[in-house]
Amino acid sequence: MKRETLNFFDKVYEVAKLIPYGRVTSYGAIANYLGAARSARMVGYAMNGAGGKDVPAHRVVNRKGLLTGKHHFDGTNLMQQLLESEGVKVVDHQIQDFDKVFWNPNEIE
DNA sequence: TCTTTGACCTATC
DNA sequence: GGATAGGCCAAAG
């Protein structure tokens, strides 16, 4: 640990924290922003350590808008309720109007 | 140091 | 158009 590798995780955490309220993003988008478009899996993997951090992992979903990582949260519909609480419509662990609530990290400038 | 796994994505059948 | 298989990169064991 304690290497530049943490930079990757840290970047993921930063981007995840930069996600505005009522807005969601995808692992691939973050990976692409980090320059590791093919490492989208690592983005989600990084979220493994985001559990104890203030990283809103519930705002990060896969490209289909499906809450695949909800299984890693509380183990129930906690992730879904969090999104709904932010105004994001979620049905059956799937985000509705994903194209509207989708937030691209590249738009931050 | 090598191997396995992993909250994915893309291409192909 | 839907389902299956493979690949990519990085971290943990």
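Here is what the cut-offs are and how they apply
- Residues numbered from 1 in each chain as written.
- Chains lettered and ligands numbered in written order.
- Predicted model: local features only at pLDDT ≥ 70, side-chain atom pairs only at ≥ 80, totals over all residues.
- Helix = DSSP H or I, 4+ residues; strand = E, 2+ residues; numbered from the N terminus.
- Contact = placed C-beta atoms within 7 Å.
- Near = placed C-beta within 6 Å.
- Nonpolar A, V, L, I, M, F, W, Y, C, P; charged D, E, K, R; others polar.
- Buried ≥ 20, exposed ≤ 12 C-beta atoms within 10 Å, placed from the backbone.
- Core = buried A, V, L, I, M, F, W, Y, C linked by C-beta atoms within 7 Å.

The name given to chain A in an unreviewed UniProt entry is MGMT family protein, with Flavivirga spongiicola as the source organism.

Bringing the overall build of chain A into the picture now. Within chain A, the regular secondary structure consists of 5 helices and 4 strands. Listed by position from the N terminus, the elements making up chain A come as α-β-α-α-β-α-β-β-α. Overall size of chain A, expressed as C-alpha extent along the three principal axes, is 40 × 30 × 20 Å. Within chain A, residue pairs in contact and separated by at least 24 positions form 60% of the contacts whose partners lie at least 6 positions apart.

Around DNA strand B, the structure places 18 residues, and the nearest of them are G44, M47, R63, T68 and G69. Residue assignment for the surface near DNA strand B shows that the elements contributing at least two residues are α2 (27-34) and α3 (40-46). In terms of residue count, α3 provides more of the surface near DNA strand B than any other element does, 5 residues in total. Here the surface near DNA strand B is composed, by residue class, of 7 nonpolar, 9 polar and 2 charged.

Trans peptide bonds make up most of the peptide bonds, and negative phi angles are found at most residues other than glycine. Despite not being glycine, D92 shows a phi value in the positive range, around 55°. Of note, D92 is situated in the loop between β3 (90-91) and β4 (94-95). Look at H93: it is not a glycine, yet its phi comes out positive at around 65°. Among the secondary structure elements, H93 is positioned in the loop between β3 and β4. With 16 C-beta atoms counted inside 10 Å, the residue H93 sits in the partly exposed group.

A separate point is the nonpolar core. Ranked by size, the top nonpolar core spans 28 residues in total, and within it V12, A16, V24, I30, A50, V60 and I95 carry the most contacts. Elements represented by at least two residues in this core include exactly α1 (5-17), α2, α3, β2 (60-61) and α4 (78-85). No other element matches α2, which puts 6 residues into this core. Those residues in contact with A16 that sit more than four places away from it in its chain are A50, V55, P56, A57, R59 and V60.

For the rest of this paragraph, the subject is the environment of T68. Structurally, T68 is set in the loop between β2 and α4. Judged by C-beta crowding, with 16 C-beta atoms within 10 Å, T68 ranks as partly exposed. Here the alpha-carbon distance between T68 and H58, two residues 10 residues apart in the chain, equals 10.0 Å. Dropping the residues within four chain positions of it, T68 is found in contact with V61 and N62.

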